[in-house]
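Commentary on secondary and tertiary structure
The residues making up each chain are set out below.
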Amino acid sequence: MTTNTELIIRRPDDWHLHLRDGSMMSAVLPYSSADFGRAIIMPNILPPVTTMEQATRYHRRIVKATPDQHDFKPLMTFYLTESTRADDIEQAASSGLIKAVKLYPAGATTNSESGVQDIKKVMPVLEKMAEIGLPLLVHGEVADSNIDIFDREAVFIDTVLDPLRRSLPQLRIVMEHVTTKTGVQYIISSDKNLAATITAHHLIINRNDILAGGIRPHYYCLPVAKREKHRLALREAVVSGDSRFFFGSDSAPHIDGTKECGCGCAGIFTAINALECLATVFEQENRLDKLEAFVSLNGPKFYGLLPNTSKIRLYKTCDHAGQPEKIQTRDGYVTVFDPMFLIYWHVENIVNDKIY
Ligand code: DOR
Ligand code: ZN
């Protein structure tokens, strides 16, 4: 174990976040805006964000729901459908509002029904994105019910991602929430146009935590956590310092009633403790020196943005930082991710050299 007990780093960003909308958004957003400078906002609300008008309005609602004292910039994305037009994408990118386009294979996850069934149908859009340098964010799993759920990421790489990269090498792609050793190796073997986000929870849980000794629905998300060797490969990737790996929480709140039932939703709510969990993971790996690159530097580098100028202080005390088991929203309770270890790390914001 390292003896570091304090770390001052650039303010982090979250490169994959579900804020939802309405009262759920009001309840969860302040946890992200307290700790993160920017976040890539997932467009899988209902209806999905497919037009400039929807994106502009959603952006406005997010800004309005952000506490005044928080310095937080939502980075908006478009939800790719088979009807998306290349011209619309070009216009959205040149407006500066849209920072990326999200590809959900239809049926792969929550609110992905309007996603893409046949990638050939969206090739004109992808060609335009390659031309203008707009990143494609992929939910990297096939939605084919004949493919075992634990193999869906590897099959996506073989049958969708690799052929796509070969036919459009200029397209900049982020493989979102990568969960397998296969995925990590694929990124490492690729060029700078391919990067990946990694969540905090996939660094902490494996599939036994979901299924052994009883079903734990609050550890169920998509892509589903895999076996231990994959979790270890993800840990190796994040501490490697390879700038193609950066943090995306995939914090995805669902009210308890929709998770604790016969067919529970996928998604883990981590916005509230992701940074403290990450500090613990990097400390366990004896690589706290690599945390800043993963949470604050690698993401902006890929997106062609500068790192945040303000800083945060992470410090460790002998007392563990208590966290609520659930948060209350107007729609019901949302269970907070339990990392199954005590968290001794705390986060403080530093603005103009003052600590908040
Ligand atoms: O676990 C997940 N939850 N994975 C996703 O891809 C979507 C997300 C959600 O929106 O709930
Ligand atoms: Zn997600």
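These numbers were taken from a predicted model, which means no experiment stands behind them.

Bringing the coordination of the zinc ion (ligand 2) into the picture now. Put simply, the ideal angle at a metal is 109.5 degrees for four donors in tetrahedral geometry and 90 or 180 degrees for six donors in octahedral geometry. Ligation of the zinc ion (ligand 2) by protein atoms is provided by H16 (NE2), H18 (NE2) and D250 (OD), these donors lying 2.0 to 2.1 Å from the ion. Sequence spacing of the donors to the zinc ion (ligand 2): H-x1-H-x231-D. Of this pair, H18 sits in the loop between β2 (14-17) and α1 (22-35) while D250 is found in the loop between β9 (245-247) and α9 (256-259), placing the two residues 232 residues apart along the sequence. Among the residues examined, D250 registers a relative accessible area of 6% and is labelled buried.

Near ligand 1 you find 14 residues, and of these R20, N44, T109, L222 and H254 are the closest. Within the side chain of R20, one N or O atom sits 2.8 Å away from an oxygen atom of ligand 1. One of the backbone N or O atoms of G267 is found 3.3 Å from an oxygen atom in ligand 1. Protein coverage of the free-state accessible area of ligand 1, which is 290 Å², stands at 100%. Its residues assigned to classes, the shell around ligand 1 comprises 4 nonpolar, 8 polar and 2 charged.

Turning our eyes to something else, we now look at the environment of Y344. Within the fold, Y344 resides in the loop between β12 (332-335) and β13 (345-351). Y344 sits in the partly exposed class, given a relative accessible area of 29%. When neighbours within four sequence positions are excluded, Y344 is seen to be in contact with Y315, K316, T317, C318, D319, H320 and A321.

Turning our attention to the nonpolar core. With 83 residues, the main nonpolar core has L126 and L136 as its most contacted residues. Considering each element in turn, this core owes the most residues, 7 residues, to helix α10 (residues 274-284). Among residues more than four places away in sequence, those in contact with L136 are L80, V101, L103, L126, M129, L164, L171, R172, I173 and V174.

Next up on the list: the state of the cysteines. As enumerated under the stated definition, the model contains 0 disulfides in all. A disulfide-free cysteine, C263 has its sulfur positioned 6.7 Å from the sulfur of C261, the nearest such atom. C263 gets classed as exposed once you look at its relative accessible area, which sits at 69%. Free of any disulfide, C265 has its nearest neighbouring cysteine sulfur in C261, separated by 6.4 Å. Look at C265 and you get partly exposed, because its relative accessible area is 27%.

What counts as what
Residues numbered from 1 in each chain as written. Chains lettered and ligands numbered in written order. Predicted model: local features only at pLDDT ≥ 70, side-chain atom pairs only at ≥ 80, totals over all residues. Heavy atoms only, no water. Donors = N, O, S within 2.8 Å, 3.2 Å for Na, K, Ca; no water. Helix = DSSP H or I, 4+ residues; strand = E, 2+ residues; numbered from the N terminus. Buried < 20%, exposed > 50% of the residue type's maximum accessible area, 1.4 Å probe, protein only. Near = heavy atom within 4 Å. Polar contact = N/O pair within 3.5 Å; in protein donor to acceptor, adjacent residues only side chain to side chain. Areas by Shrake-Rupley, 256 points an atom, 1.4 Å probe, with all protein chains shown as cover. Nonpolar A, V, L, I, M, F, W, Y, C, P; charged D, E, K, R; others polar. Contact = heavy atoms within 4.5 Å. Core = buried A, V, L, I, M, F, W, Y, C linked by side-chain atoms within 4.5 Å. Disulfide = S-S within 2.5 Å.

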